Amino acid sequence: MFEQVKLAYEVNGLEPHIDQLTVETHYGKHHATYTKTFNELAEKAGMADLDVEELLASLDKVSDETLRKGLRNQGGGYYNHNLYFKTLSPNPAKAPTGKLADKINETFGSLEEVIDKLSKAAAGQFGSGWSFLSADKEGNLFVTASPNQDNPISEGTGRIPILALDVWEHAYYLKYKNLRADYIKEFFEVLDWNAVSALYDKVTG
Ligand code: MN3
């Protein structure tokens, strides 16, 4: 059974940056539905016992095309939203620490620069999708964007996302309407870099 991550804050905890109705709808409806449907499909595919990252990395083993697409979309939706909601916080650390802080400076020059790259990737994603900061096992960092519910795992890169910025309209339209760039800016006001740093440490051992 793949569990939807529990929110570590109240549904209004991210106000005013991300509003209560958006969290209620996004987490309580969209994410909940991805979770439910993904569990059904994983069961059907006989993959319910796999780790979710392992499952998303082995979609090419699913021969039924409809099932494979379903797992990619629903499993990606389940996974990406777990990452999104667990790295947001009402009291976020505004900068990374330890190994991640060093690697960001080495790779991008500064925290401001990686935020700018992630923001541009998110703003430039045509239609629904995400931007990600991901890491490989050697600790290298990558900023990318993906359409739909794809991510660096289901795209077969072998990289693990540690930061996920949702730019589907359901993530911002209730408050920000067409102003995606405004939402992107506010996302970073509630992004907890401690959580991202911890994920980086986990990926890189
Ligand atoms: Mn979403």
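If you're wondering where the values come from, they're calculated on a predicted model, not measured in any experiment.

**A word on the side chain of S154**
Piece 1. Structurally, S154 is set in the loop between β2 (141–147) and β3 (160–166).
Piece 2. Among residues more than four places away in sequence, those in contact with S154 are L56, L59 and R72.

**A short note on the pattern of salt bridges**
Piece 1. One pass over the structure, following the stated rule, counts seven salt bridges.
Piece 2. The partner of D150 in a salt bridge is R72, with the nearest N and O atoms 2.8 Å apart. Of this pair, D150 sits in the loop between β2 and β3 while R72 sits in helix α3 (residues 65–86); the two residues are 78 residues apart in sequence, bridging distant segments of the chain.
Piece 3. By relative accessible area, D150 is classed as buried at 10%.

**What to know about the nonpolar core**
Piece 1. Residues L133, L141, Y183, F187 and W193 are the most contacted members of the largest nonpolar core, which totals 43 residues.
Piece 2. Looking at this core, the elements with two or more residues in it are α1 (20–44), α3, α4 (98–108), α5 (111–123), β1 (129–135), β3, α7 (180–190) and α8 (193–204).
Piece 3. Sorting elements by how many residues they give to this core places α7 first, with five residues.
Piece 4. Residue contributions to this core reach at least three from each of two domains, namely domain 1 (20–86) and domain 2 (98–204).
Piece 5. Ignoring anything within four residues of it in the chain, the contact list for W193 reads A93, K94, A95, P96, L100, I104, L111, V114, I115, L133 and L163.

**A few points about unusual backbone geometry**
Piece 1. The amide bond that connects E15 to the next residue, P16, takes the cis arrangement and shows omega of 0°.
Piece 2. Within the fold, P16 resides in the segment before α1.
Piece 3. Backbone geometry at N148 places phi at a positive 55°, although glycine is not the residue there.
Piece 4. Its place among the elements puts N148 in the loop between β2 and β3.

The rules behind these values
Residues numbered from 1 in each chain as written. Predicted model: local features only at pLDDT ≥ 70, side-chain atom pairs only at ≥ 80, totals over all residues. Heavy atoms only, no water. Helix = DSSP H or I, 4+ residues; strand = E, 2+ residues; numbered from the N terminus. Contact = heavy atoms within 4.5 Å. Salt bridge = Lys/Arg side-chain N within 4 Å of Asp/Glu carboxyl O. Buried < 20%, exposed > 50% of the residue type's maximum accessible area, 1.4 Å probe, protein only. Core = buried A, V, L, I, M, F, W, Y, C linked by side-chain atoms within 4.5 Å. Domains from an automatic or database assignment.

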